[in-house]
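Okay, here's what each chain looks like letter by letter:
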Amino acid sequence: MEVKSNKEYNPQMHSAEHILNQTMIRMFNCERSFSNHIEKKKSKCDYHFNHALTEDEINEIESRVNRIIEKDMLVIEEFYSREEADNSFNLSKLPEDAGNNVRIIKIGDYDVCPCSGVHISHTKEIGSFKIISTNFNNGILRIRFKLNENQ
Ligand SMILES: [Zn+2]
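If you're wondering where the values come from, they're calculated on a predicted model, not measured in any experiment.

1. A few points about unusual backbone geometry
Thought 1: One non-glycine residue, aspartate 72, lies in positive phi territory at about 50°.
Thought 2: Relative to the elements of secondary structure, aspartate 72 occurs in the loop between helix 2 (55–70) and strand 3 (75–81).
Thought 3: What makes aspartate 72 partly exposed here is its relative accessible area of 30%.
Thought 4: The phi torsion at asparagine 138 lies on the positive side, around 55°, for a residue other than glycine.
Thought 5: Within the secondary structure, asparagine 138 sits in the loop between strand 6 (128–137) and strand 7 (140–148).

Spelled out as structure tokens, the structure:
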């Protein structure tokens, strides 16, 4: 499977995006971000959503993401046939031409997602997660975030 070059250069940020997406699913029953821009300094994720986030919700998202990072969960890749993956995971975002060998990224027992990007191997490598700002417009929630690296 082809590795997307735009996701290659910051595995910390990109892995944080996985955890943020799963946190949004668990808190709000929404879908993973439909659009994102991942960079070393700051990143943004857009969600189809139904309200502006409150201060409490923003704090809750941050603390949940940081709790997962602090647990230092293992990030692993597994390969499944298309059929196995379709039966076991939500592959709505997987392109039809992704082939029959599907790469699944698991973050501990927290998140499972088909992905061809590059990831860290333990969540503590992400550092700490901070939401810079959010805004809600026309059914779209944008979350901007940054990381403070541990090293
Ligand atoms: Zn990924």
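Still more ground to cover, so stick around.
2. Quick notes on the coordination of the zinc ion
Angles at a metal have ideal values that depend on geometry: 109.5 degrees with four tetrahedral donors, 90 or 180 degrees with six octahedral donors.
Thought 1: For the zinc ion, the full set of protein donor atoms is His14 (NE2), His18 (NE2), Cys115 (SG) and His119 (NE2), at a range of 2.0 to 2.2 Å.
Thought 2: Around the zinc ion sit four donor atoms; with metal-centred angles ranging over 101 to 120°, the donor geometry is tetrahedral.
Thought 3: Sequence positions of the residues that donate to the zinc ion give the spacing H-x3-H-x96-C-x3-H. Remark: histidine 119 occurs in the loop between strand 5 (111–114) and strand 6 and histidine 14 occurs in helix 1 (residues 11–28); sequence separation between them is 105 residues.
Thought 4: A residue is classified by how much of its surface remains accessible, and histidine 14, at 1% relative accessible area, is buried.
Thought 5: Under the relative-accessibility criterion, histidine 119 is labelled buried at 15%.

Procedures and definitions
- Residues numbered from 1 in each chain as written.
- Predicted model: local features only at pLDDT ≥ 70, side-chain atom pairs only at ≥ 80, totals over all residues.
- Heavy atoms only, no water.
- Helix = DSSP H or I, 4+ residues; strand = E, 2+ residues; numbered from the N terminus.
- Buried < 20%, exposed > 50% of the residue type's maximum accessible area, 1.4 Å probe, protein only.
- Donors = N, O, S within 2.8 Å, 3.2 Å for Na, K, Ca; no water.
- Tetrahedral: all angles 85-135°; square planar, octahedral: opposite > 155°, others 65-115°.

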